[in-house]
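Results of the structural survey
Chain residues, written in single-letter form:
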Amino acid sequence: MSVRKVKAINIIGMLSELDKVVKFCGDSQCFHPDDAMSFYSNTQDFVPLSDKNPFSAPLQSLRSAADMAEWKLEFSQPKNFSVSDKGVLKYVASVTERLEDIVNRRLMIRQELDSCRRKIEQVGHFQGGNLDFTEIMKCKYITPCFGRIPVESYEKIEKFAENPFVIFFKCTQDDTHYWGVYFSPNEPEEKQTVDRIFSSLYFEKLDVPDIAGTPEEFIASLEKELSALEEKKKENQKELDDFIKAEGKKCMLYYSRLQELDSFHAIKRYVYKYHGSFILVGWIPADKEEYFTQSLDEIDSIEYSLSDGKEELKHSPPVILKNPPFIRLYEFYVKMYGLPSYNELDPTPIVALTYTLFFGIMFGDVGQGFVVALIGFLMWKLKKMEIGRILIPCGISGMVFGTIYGSVFGFEHALDPLYKAVFGLDEKPVEVMNAETINIIIYGSVAIGIVTIVISMLMNIVSSIKRRDPESAFFGPNGLAGFVFYVSLVAGLVCQMLLGIEIMNIFYILGLIVLPLIVMFMREPFGRLAEGKKKWQPEKWGDYCTQSFFELFEMCLSYVTNTMSFLRIGAYILVHAGMMLVVFTLADMIGGVGYYIMIVAGNGIVMALEALLVAIQVLRLDYYEVFSRFYIGEGRVFNPVVAGEKDNI
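These notes cover the structure that comes with them. Source: prediction; values computed, not measured.

Rules and cut-offs
- Residues numbered from 1 in each chain as written.
- Predicted model: local features only at pLDDT ≥ 70, side-chain atom pairs only at ≥ 80, totals over all residues.
- Heavy atoms only, no water.
- Helix = DSSP H or I, 4+ residues; strand = E, 2+ residues; numbered from the N terminus.
- Rg over C-alpha atoms; globule rule 2.2 N^0.38 Å.
- Buried < 20%, exposed > 50% of the residue type's maximum accessible area, 1.4 Å probe, protein only.
- Contact = heavy atoms within 4.5 Å.
- Areas by Shrake-Rupley, 256 points an atom, 1.4 Å probe, with all protein chains shown as cover.
- Lys, Arg positive; Asp, Glu negative; His and termini not counted.
- Charge placed at Lys NZ, Arg CZ, Asp CG, Glu CD.
- Salt bridge = Lys/Arg side-chain N within 4 Å of Asp/Glu carboxyl O.
- Pairing = 2+ DSSP bridges.
- Axes fitted to C-alpha atoms, helices over the stretch in contact; angles between N-to-C directions.
- Parallel < 35°, antiparallel > 145°, perpendicular 65-115°, else oblique.
- Left-handed = near helix turned anticlockwise from the far one by under 90°.
- Phe/Tyr/Trp six-rings, centres within 6.5 Å; stacked < 30°, edge-to-face > 60°.
- Lys NZ or Arg CZ within 6 Å of the ring centre and 35° of its normal.
- Expected span 1.5 Å × (residues − 1).
- Core = buried A, V, L, I, M, F, W, Y, C linked by side-chain atoms within 4.5 Å.
- Patch = residues over 30% accessible without salt bridge, like charges linked within 9 Å, V, L, I, M, F, W, Y side chains within 5 Å.
- Polar contact = N/O pair within 3.5 Å; in protein donor to acceptor, adjacent residues only side chain to side chain.
- Nonpolar A, V, L, I, M, F, W, Y, C, P; charged D, E, K, R; others polar.

Another point: the overall build of the protein chain. Within the protein chain one finds 22 helices and twelve strands. Since a compact globule built from 649 residues should have a radius of gyration of about 26 Å, the 39 Å found for the protein chain marks it as more spread out than a globular shape. Residues classed as buried in the protein chain amount to 46% of the 649 residues present. In the protein chain, 77% of the contacts between residues at least 6 apart in sequence involve partners at least 24 apart. For the protein chain, the accessible area works out to roughly 35,000 Å², and carbon and sulfur atoms hold 59% of it. A distance of 5 Å separates the average location of the 65 positive side-chain charges in the protein chain from that of its 82 negative side-chain charges.

Following the criterion strictly, the structure yields 24 salt bridges and no others. For lysine 268, the salt bridge goes to aspartate 19, with nearest N and O atoms at 2.7 Å. Pair noted here: lysine 268 is in the loop between helix H7 (215-265) and strand E9 (272-274) and aspartate 19 is in helix H1 (residues 18-28), with a separation of 249 residues, a long-range link. Note that arginine 148 is salt-bridged to glutamate 204, the shortest N-O span being 3.2 Å.

With that out of the way, let us pick up the sheet that holds strand E6 (residues 168-173). In spatial order, the strands read E6-E7-E5-E8; together these four strands make up an open sheet with antiparallel pairing. Edge positions in the open sheet fall to E6 and strand E8 (204-205), since each of these has one partner strand only. Strands strand E5 (142-150), E6 and strand E7 (177-185) of the sheet are contacted by helix H6 (residues 188-200), whose axis makes an angle of about 165° with E7.

The next subject is the packing of helix H2 (residues 56-68) against H7. Following both chains from N to C, one finds H2 and H7 inclined at 140°, their axes separated by 9 Å at the closest point. Regarding the angle of H2 to H7, the classification is oblique. Remark: the crossing between H2 and H7 carries left-handed chirality. On the side of H2, the interface is formed by Ser56, Pro58, Leu59, Leu62 and Arg63, while H7 contributes Cys251, Tyr255, Leu258, Gln259 and Asp262.

Along the chain, methionine 385 falls in the loop between helix H12 (366-383) and helix H13 (386-405). Sequence spacing of methionine 385 and isoleucine 605 is 220 residues, and the spatial spacing of their C-alpha atoms is 22 Å. Not counting residues up to four positions away in its chain, the partners in contact with methionine 385 are Met379 and Trp380.

Time to look at the packing of aromatic side chains. The relation between two aromatic rings is expressed through the spacing of the ring centres and the mutual angle of the planes. Scanning the model with the defined rule gives 35 aromatic pairs in all. Centroid distance tyrosine 154 to tyrosine 178: 4.6 Å. Interplanar angle 50°. Geometry classified as tilted. Taken together, the positions of tyrosine 154 in helix H5 (residues 151-154) and tyrosine 178 in strand E7 put the pair 24 residues apart, joining distant regions of the chain. Judged by relative accessible area, tyrosine 154 falls into the partly exposed class, the value being 24%. Here the aromatic rings of tyrosine 330 and tyrosine 355 are separated by 6.0 Å at their centres, their planes lie at 55°, and the arrangement is tilted. Here tyrosine 330 is found in the loop between helix H9 (325-328) and helix H10 (331-337), whereas its partner tyrosine 355 is found in helix H11 (residues 348-362), with 25 residues between them in sequence. The exposure classification of tyrosine 330 matches that of tyrosine 355, with both residues buried. Here the aromatic cluster, defined as three or more aromatic residues joined through ring pairs, consists of Phe326, Tyr330, Phe332, Tyr333, Tyr355, Phe359 and Phe363. Sitting over the ring of tryptophan 380, lysine 384 keeps its end group 4.9 Å from the ring centre. Cation over ring: arginine 389 sits above tryptophan 380, and NZ or CZ is 4.5 Å from the ring centre.

Within the secondary structure layout, tryptophan 283 lies in strand E10 (residues 277-285). Judged by relative accessible area, which is 0%, tryptophan 283 ranks as buried.

In an α-helix, one turn spans 3.6 residues, which is why side chains three or four residues apart end up on the same side. Taking 1.5 Å per residue, 24 residues should reach 34 Å; helix H21 (residues 567-590) reaches 35 Å between its end C-alpha atoms and fits that length. Among all positions of H21, only Ile569, Gly570, Tyr572, Ile573, His576, Ala577, Met580, Val583, Phe584 and Ala587 are buried. Packing partners of the buried residues in H21 comprise H11, H12, H13, helix H15 (435-467) and helix H22 (592-630). Glycine 591, located one to two residues past H21, shows a positive phi value of around 70°.

So, about the side chain of glutamate 331. Of note, glutamate 331 is situated in helix H10. We classify glutamate 331 as buried; its relative accessible area is 9%. Sequence-distant contacts of glutamate 331, defined by excluding residues within four places in its chain, comprise Leu321, Asn323 and Thr348.

Within the largest apolar cluster, 64 residues are counted, with the highest numbers of intra-cluster contacts made by Tyr330, Tyr333 and Tyr355. No other element matches H22, which puts eleven residues into this core. In this view, tyrosine 333 contacts Val351, Tyr355, Ile387, Ile390, Leu619 and Tyr623; residues no more than four positions away in its chain are not counted. Judged by nonpolar contacts, the second largest core, of 24 residues, contains Leu59, Leu73, Tyr254 and Tyr255.

Two strands pair when backbone bridges link them, and E5 and E7 are joined in this way by nine bridges, in the antiparallel orientation. Pairing of threonine 143 across the sheet is with serine 184, part of E7. For E5 and E8, the ladder comprises two bridges, and the chain directions are antiparallel. By the bridge assignment, arginine 148 is partnered in E8 with glutamate 204.

Before going further, it helps to examine the side chain of serine 407. Looking at where serine 407 falls in the secondary structure, it is placed in the loop between H13 and helix H14 (416-423). Residues within four places of serine 407 in sequence aside, it is in contact with Gly364, Asp365, Val366, Gly367, Gly402, Glu412 and His576.

Residues Ile506, Phe507, Ile509, Leu510, Val514, Leu515 and Ile518 make up a contiguous nonpolar surface patch of about 650 Å² in total accessible area. Here leucine 510 shows up in helix H18 (residues 506-521). Owing to a relative accessible area of 45%, leucine 510 belongs among the partly exposed residues under this scheme.

The first and last C-alpha atoms of H12 sit 25 Å apart over 18 residues, in line with the 26 Å expected at 1.5 Å per residue. If you check which residues of H12 are buried, you get Val366, Gly367, Gln368, Gly369, Val372, Ala373, Gly376 and Met379. Of the residues flanking the start of H12, the one acting as N-cap is aspartate 365, its side-chain oxygen 3.0 Å from the backbone nitrogen of glycine 367. Within two residues after H12, lysine 384 carries a phi angle of roughly 55°, on the positive side.

In this section: the packing of H21 against H22. Where H21 meets H22, the closest approach of the two axes is 8 Å, and the angle between their N-to-C directions is 165°. The pairing of H21 with H22 is recorded here as roughly antiparallel in orientation. Remark: the crossing between H21 and H22 carries right-handed chirality. A per-class count over the contact of H21 with H22 returns 17 nonpolar, six polar and four charged.

Given below as structure tokens:
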């Protein structure tokens, strides 16, 4: 449950061996390249390797051709593959050319089919008019105009009866339009007049194809052409299927190798030349050191050196989180906030614990918890949504606390027989709406907040020590001084007000409350002294004291507000019970079949609304009340070069 250890590796060798090194680094699937210049002080003789990637364009061409052919190329790790890079490029170019030829012919056939169908559809509107297009097109003194006119506009044509050319010959009709033709004289003025009249009637002109004979004869010829094109389409598809069947396995192998070469070439962007040698720097997991170095030893004229990630903190070592399967689910939330730095504690375990626990406490219902877990399972299985995996344990937690509260879809006494049979109880152990229980819930919420804040402070102390930040670890509000102040104040108030134990005497107050406040007030000078800095004093004590006073006042308020923020845990327990009480009250008022409809609908609304709000509020508690005390989250992800991965460095 921590950040996995990594090591920086510096590889130097002759340029002639670079391809071997790059291939091995890529094959290892555990090499994260980094900028070599940041690891050296004198870099004036270093020149970046500016080799153009020869594999990118052929790979993209093959993918494009396969996409057009609706052929899905899949990457598989090539094994026992001994073809040279030139051989791979030659084969891929040949396959791409043949595939593109088949696909281009298919596209042409599809275009011809679409054109033929479009012509049939267009000409089909003019059937039944006994029109001979050949004769019509021979007219010298009139020009035909084919198209459609709205039904309501057709009825207005008679208003223009004084113009003998305003006549529309209809052929077919649909629900909204008449399809047909009108004729306008070729004389410019009269033609403009007729065209303007039909335009005012919202006539839509249609560019019909060159038609020989009647529409019926033309459509018959088009249907023959369509049948011939369909046959060509089948032949083309068979040709494509035969090609894929013959070349499929081999093409997949070459495609995988080409994709591998393209991915590995990304490593060369981080290579620098130094005279006749090259320099490559990167990161590997510490547990892969032996495997990595043994393989490098087999390459001639290669030298390398390794250093632990702790020694290279200034270079921000990439982070690999190492958590058990259950805790790993909650890395989704941690990564949303930011990865931990290499020398920082991984907060995922505490997020997994608090999020699951708080969600269950606030969403305690056996039936609704089961539904939430089921929905989460389906979200993950069907949509691969990360939040779905988190909802599964959260729903189960809701079922556990629902069993304690005795609530099943809002039925508060459905589990009474179970309590009597198993535990010998006459009623459920926790009656949420009782006055005494409400007080316990409120006090319990505050107690949960206190424990969570204390744990967060302890994590900050450990994390700050790892970061070598003594000011935050010992003198800050979330460090040792803040821990002593907060715990002493809470313990003193609890003993005095609830337990009747008189412990807050003058020595207790001065030693455990006032002294930590003074330490926090002086945290910056003390921090500089602890770091061994000579200039530990503020430039102006007056300004520093004024600023620190207000900051200390704000800190004291934040202890109270942060603790009270956890009251929302108890509030949602009561809200859930109250909302379901409203649902059952409305159901009783409706009665009959409406009773059951109201119960189902009410459960759905309450479950959706409360699940959303609880999920957000618990995440807020983790981010603002827990993370803000110890977590920085400025780490960067460990992203090794892996063939077939789209998000390589």
